[in-house]
Amino acid sequence: MSPAQTAVTAVTAVLTQKFEVSPESIRPEVTLESLDLDSLALAELALALQEELGVPVEEDEAARHSTVGELVAAPNAKRA
C-alpha cells in the first residue's frame, strides 16, 4: 500500500471508528467542521493519526476549516 493510500485508510478508520462518522460522508472536499468535530475531537484526531501513521500531525493541521483531503496530504508531505 502506498503512503497516500495508507493515510486515506488511517484517516477513514479513525473518523469512522473513533468519531462514528459515516464512511459515505468522508470525501476529500469535506471539512472537518462539517463532520461535527469540535476542538477536543480535533485534538484527539491529531493524536490518533500520529499513533496510526507514525508521523507528527499538528493540531492546526486538523483544524475545523481543514478538509479531509488536506488532512490526508499533511502526513504524506512529511514522509516525502
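Everything below is about the structure shown above.
We now turn to the structure provided with this report. This structure is a prediction, so every number in the text was calculated from the model and none was measured.

Helix and strand counts for the protein stand at 3 helices and 0 strands. Scanning the protein from its N terminus toward the C terminus, one meets helices and strands in the order α-α-α. Scaling as 2.2 N^0.38, a compact globule of 80 residues should have a C-alpha radius of gyration of about 12 Å, and the protein matches this with 11 Å. Seen through its C-alpha atoms, the protein measures out along the principal axes to roughly 30 × 25 × 20 Å. Buried positions account for 39% of the 80 residues belonging to the protein.

By secondary structure assignment, the location of Glu 29 is in the loop between helix 1 (3-17) and helix 2 (39-53). Within the local environment of Glu 29, its side chain forms a polar contact with the side chain of Arg 27, the two groups lying 2.9 Å apart.

So, about the packing of helix 1 against helix 2. Working note: a packed helix pair is described by the angle between its axes plus the distance between those axes. Contact geometry for helix 1 and helix 2: axes closest at 10 Å, N-to-C directions at 135°. As far as their axial angle goes, helix 2 and helix 1 are oblique. Here helix 1 and helix 2 pass one another in a crossing that is right-handed. Contact with helix 1, carried on its side by Thr 6, Ala 7, Ala 10, Val 11, Val 14 and Leu 15, involves Leu 45, Ala 48, Leu 49, Glu 52 and Leu 53 of helix 2 and no other residues of that element.

This paragraph deals with helix 1. Compared with the 21 Å implied by 1.5 Å per residue over 15 residues, the 21 Å span of helix 1 between its first and last C-alpha is a close match. Inspection of helix 1 places Ala 7, Ala 10, Val 11, Val 14 and Leu 15 among the buried residues, and these make up the whole buried set. Seen from one end, helix 1 has its buried residues packed into an arc of 120°, which puts them on one side.

What follows deals with helix 2. The first and last C-alpha atoms of helix 2 sit 21 Å apart over 15 residues, in line with the 21 Å expected at 1.5 Å per residue. Of all the positions in helix 2, only Ala 41, Leu 42, Leu 45, Ala 46, Ala 48, Leu 49 and Leu 53 are classed as buried. Two or three places before Leu 40, at the opening of helix 2, Asp 38 has a side-chain oxygen 3.2 Å from that residue's backbone nitrogen. Directly beyond the C-terminal end of helix 2, a positive phi value near 75° is found at Gly 54.

Attention now goes to the side chain of Ser 66. Here Ser 66 is to be found in the loop between helix 2 and helix 3 (68-79). A distance of 3.3 Å separates a polar atom in the side chain of Ser 66 from the backbone oxygen of Glu 61. Setting aside residues no more than four positions away along its own chain, Ser 66 makes contact with Val 30, Thr 31, Leu 32, Asp 60 and Glu 61.

Rules used in this analysis
- Residues numbered from 1 in each chain as written.
- Predicted model: local features only at pLDDT ≥ 70, side-chain atom pairs only at ≥ 80, totals over all residues.
- Heavy atoms only, no water.
- Helix = DSSP H or I, 4+ residues; strand = E, 2+ residues; numbered from the N terminus.
- Rg over C-alpha atoms; globule rule 2.2 N^0.38 Å.
- Buried < 20%, exposed > 50% of the residue type's maximum accessible area, 1.4 Å probe, protein only.
- Polar contact = N/O pair within 3.5 Å; in protein donor to acceptor, adjacent residues only side chain to side chain.
- Axes fitted to C-alpha atoms, helices over the stretch in contact; angles between N-to-C directions.
- Parallel < 35°, antiparallel > 145°, perpendicular 65-115°, else oblique.
- Left-handed = near helix turned anticlockwise from the far one by under 90°.
- Contact = heavy atoms within 4.5 Å.
- Expected span 1.5 Å × (residues − 1).
- Arc of directions from axis to C-beta.

Remember that the coordinates give geometry; whether it matters functionally is a separate question.
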